[in-house]
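Read off the chains here:
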Amino acid sequence: MDYNNLDKKQLIEQLSVQQDKIQNLEKTISTQSQTEDYLKAYEATLSAILDKNSDGILIVDAKGIVLYVNPSAEQHFGRSKEELLGYEFGFPVSVEKKIDILTIRKGMSLCEVEVHIVEITFHLKPAYQLSIRDITERKKAEETIRLVSSRNEALLDSIPDIIMEVDNNKVYTWANKEGIEFFGEDVIGKGASQYFEGEQLTFKTVEPLFKGSQNIIYVESWQRNKDGEKRLLAWKCRTLQDKDGNVTGGLSSAQDITERRLSEKKLIRSERELKKAQHIAHIGSWYLDVKTKEVTWTEELYKMYGFDPKLPVPSYNEQLKFFTHESWEILSSSVVKTTETGVPYELELNTVRKDGRNGWMWVRGEALTDTEGNIIGIWGAAQDISEYKEREKQLEEALEKATESDRLKTAFLTNMSHEIRTPMNGILGFAEIIKEPTISSDDLQDYIQIIQISGARMLNTINNIVDISKIESGLVHVDIKETNINEKIEFTYNFFKPEAENKQLQLSFKNGLQLKEAIINTDNEKVYSILTNLVKNAIKFTYEGSIELGYEKKGEYLEFFVKDTGIGIKQNQREIIFERFRQGSELYSRGYEGSGLGLSIAKSYVEMLGGKIWVESEEGIGSTFYFTILYNAVSEPKTVIESIFSEKDKEIQLKKLKILIVEDDEISHSLLTRILQSINCEVFHAITGVEAVEACRVNPDLDLILMDIRMPNMDGHEATRQIRQFNKDVIIIAQTAYAFSGDKEKALEAGCNSYITKPINKTLLFELIHKHLNK
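Residues numbered from 1 in each chain as written. Predicted model: local features only at pLDDT ≥ 70, side-chain atom pairs only at ≥ 80, totals over all residues. Heavy atoms only, no water.

Moving on, we get to the overall build of the chain. Within the chain, the secondary structure is distributed over 20 helices and 28 strands. For the chain, the residues scored as buried account for 39% of the 775 residues in total. In the chain, 55% of the contacts between residues at least 6 apart in sequence involve partners at least 24 apart. Approximately 45,500 Å² of the chain is accessible, and the part contributed by carbon and sulfur atoms is 51%. (Helix = DSSP H or I, 4+ residues; strand = E, 2+ residues; numbered from the N terminus. Buried < 20%, exposed > 50% of the residue type's maximum accessible area, 1.4 Å probe, protein only. Contact = heavy atoms within 4.5 Å. Areas by Shrake-Rupley, 256 points an atom, 1.4 Å probe, with all protein chains shown as cover.)

We now examine the pairing of strand β10 (residues 230–241). Judged from the nine bridges that link them, strand β9 (residues 216–224) and β10 form a sheet pairing that is antiparallel. Within β10, the position partnered with Ile-217 by the bridge is Cys-237. Following β9, the chain reverses through five residues before pairing antiparallel with β10; Gly-228 in that reversal takes a positive phi of roughly 80 degrees. In the sheet, β10 pairs with strand β11 (residues 247–256) via nine bridges, with the strands oriented antiparallel. Considered in β11, the bridge of Leu-240 is made with Gly-249. Between the end of β10 and the start of β11, which pair antiparallel, lie five residues, with Gly-245 showing a positive phi angle near 85 degrees. (Pairing = 2+ DSSP bridges.)

Moving on, we come to the packing of helix α14 (residues 524–541) against helix α15 (residues 598–608). It is the contact of α14 with α15, at a shortest axis distance of 9 Å, that shows an interaxial angle of 150 degrees. Two packed elements cross with a definite hand, and for α14 against α15 that hand is left-handed. Taken together, the residues of α15 that come into contact with α14 (itself represented by Lys-526, Ser-529, Ile-530, Asn-533, Leu-534 and Asn-537) are Gly-598, Leu-599, Ile-601, Ala-602, Tyr-605, Val-606 and Met-608. Each residue belonging to the contact of α14 with α15 can be placed in one class, and the counts come to eight nonpolar, four polar and one charged. (Axes fitted to C-alpha atoms, helices over the stretch in contact; angles between N-to-C directions. Left-handed = near helix turned anticlockwise from the far one by under 90°. Nonpolar A, V, L, I, M, F, W, Y, C, P; charged D, E, K, R; others polar.)

Spanning twelve residues, helix α20 (residues 762–773) covers 16 Å between terminal C-alpha atoms, matching the ideal 16 Å at 1.5 Å per step. Considered for burial, the residues of α20 that qualify are Thr-763, Leu-765, Phe-766, Leu-768, Ile-769, His-770 and His-772. For α20, the elements touching its buried residues are β24 (657–662), α16 (666–675), β26 (704–708), β27 (731–736) and β28 (754–757). (Expected span 1.5 Å × (residues − 1).)

What follows is about the confidence of the model for the chain. Put simply, the chain has an average pLDDT of 79, and 80% of its residues get 70 or more. Note on residues 584–592: pLDDT is under 50 here. Beyond four places in sequence and across chains, it has 16 contacts. Every residue in residues 639–652 is under pLDDT 50, and counting partners more than four places away or in other chains gives 20 contacts. (pLDDT = per-residue confidence, 0-100.)

Below, the discussion takes up the sheet that holds strand β12 (residues 283–289). Read across the sheet, five strands follow the order β13-β12-β16-β15-β14 without closing on themselves; strand pairing throughout is antiparallel. In this open sheet, the two edge strands, each paired with only one partner strand, are β13 (295–297) and β14 (345–352). Going from strand to strand, the sheet's axes swing by 25 degrees on average, the running direction of each strand aside. Examined bridge by bridge, β12 and β13 share three bridges and lie antiparallel to one another. From the neighbouring strand, Leu-288 faces β13, where its bridge partner is Val-295. Contacting β12, β14, β15 (358–369) and β16 (375–384), helix α10 (residues 325–341) runs over the sheet at an angle of about 150 degrees to β14.

See below:
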């Protein structure tokens, strides 16, 4: 066998084979001579193997004495075989180690050797084979590689870009300082996919690198950094290949372009918003070259003049057709002055668009100079201010209207003072008179009637003020429910019939539908309020003749009318009478009462119900007021149950009731107590909500509570809620001076059974008591 071509491992394997042969021979050789012959043969074979080895080989016994030295070892130690044999080498290296590094003197210099230690049997005794290999050059090469690697790593770490290396499994195997800083120290050994945002698209893009079909790929990817922050990286990816051209992985460098991309987006958005703002504001810009007289326009300027942006810009002199003669003269002189002096100008000019329409344009021009201060052109901005001019005109008109409105409000306040003080004068004056002991019974009844009429007049004024306030505040809502229009017309007729007869006027009505068709879904109260206002006005302004009210169906609407033979309305007053604070006259000498709010309230309610209101009138002949509401028929009208209680009823026959009046106003308490005298009842009184709750606890058998809403310490809503926690059966009727939209709902939500407004109507109160306590 040619041992020169064997490497160290193969030599050791051959040595082991020879040892096995020796052991087998020892078993068969029985004589000393045979053993000696074998040993000689073994030594010859071993020498042949070891002498040819390029590594230095020493064999030492258990005491460390050198037993064998090959030629390579002589060269390593710079000593002859005879000098080394028998030398007590000792064990400068631990025999427990398999490999150790020693520094030895080789000739005149030191060198490093790598020692491989193998335990063997030599001359049938345990020994150690030391294979010595000079690694000085290798160490130098490694140091050179380390230095180069260190320099390269320092160079890569100094690069501000992220640099990452991945293997074929897309696992990070190396990263520079920026890469570690971005992804974290634990990035090495992790799959790249977990750091990608939208990895499927990104990985699909870089896949050609790993297939070897593409050497360089550029890709942008959203990735999470070590803090979990989403950042946009721009990658340049290259393949890594072995000497045979096989792809072993990839090397990628990346720049964080998040801020740059955001800046680009902001810039694009800013430009878009600027363009949009210019479009919204109708602002355009232009430039005039002083020498060539060439003009450039922005797109918005084309639109202002009504030109197609694809057409060439009209020359400076051609632009005179875009202005009136006067405006062009002003503009031309301003441009010349700026060209000569550099003084900017700012003008508002009347323009003429391409389609012939007139408008207004604001223009400003400023001189542009070269480095030597010479004027080379004029840059200008222009804005279409036609809408602004129109609004300016509207504001002037609005100011006139506001002035007129202020005058009307002054007249209204004067009228309100009259409408409140006049009935108040009647109430207080005749209340003082009826205290006289000598007054007759007939006069007393007359005076009481005057007080009632004056009170009703003042209440009507107050109601109108409250209604218009609710409308202006947006507190009025539509309450759609089943309503019998025929009954509403008849009720209005019956209500106003006595008043009409007192003025010797003939009042009639006309229903346009049969009972079944007349039941619709609408706001019952608002329809009644509209009819009441119109009929009341008709009676007020009619001194002789007749008044007729009614309705008829026209398509999808019901058209109502109130026709009178009154004084009529002047032509110039027919449109404004529906405005607030308006009447036929604002003069002190007018011959009729009223707040001037009725028709305004009626108009608001009509519009809420989806209709319109108008008037046809002839001065001295009469007027007809019309209004419409949507006709929403009820498919199956409910059975109409008439009230079991009427105004003529004077008493309610019920069992003896226990009633609690919760009222902090002594006069209101006295009035309620007096009204309830006609009922068989026992009356209790509480001033505050707290007292009301306590009174209910002490008297759990109370039948009825008349609960005032506004009270000190605890209001009626809270008192009701607390009472309902321990008494679910007692009837609670809220009574309040408020009359705003939603008050009734709030009371019912708090736990009240019903709701009545002040001033208390005796008949309505008795109806509510009868309804809830006579079931």
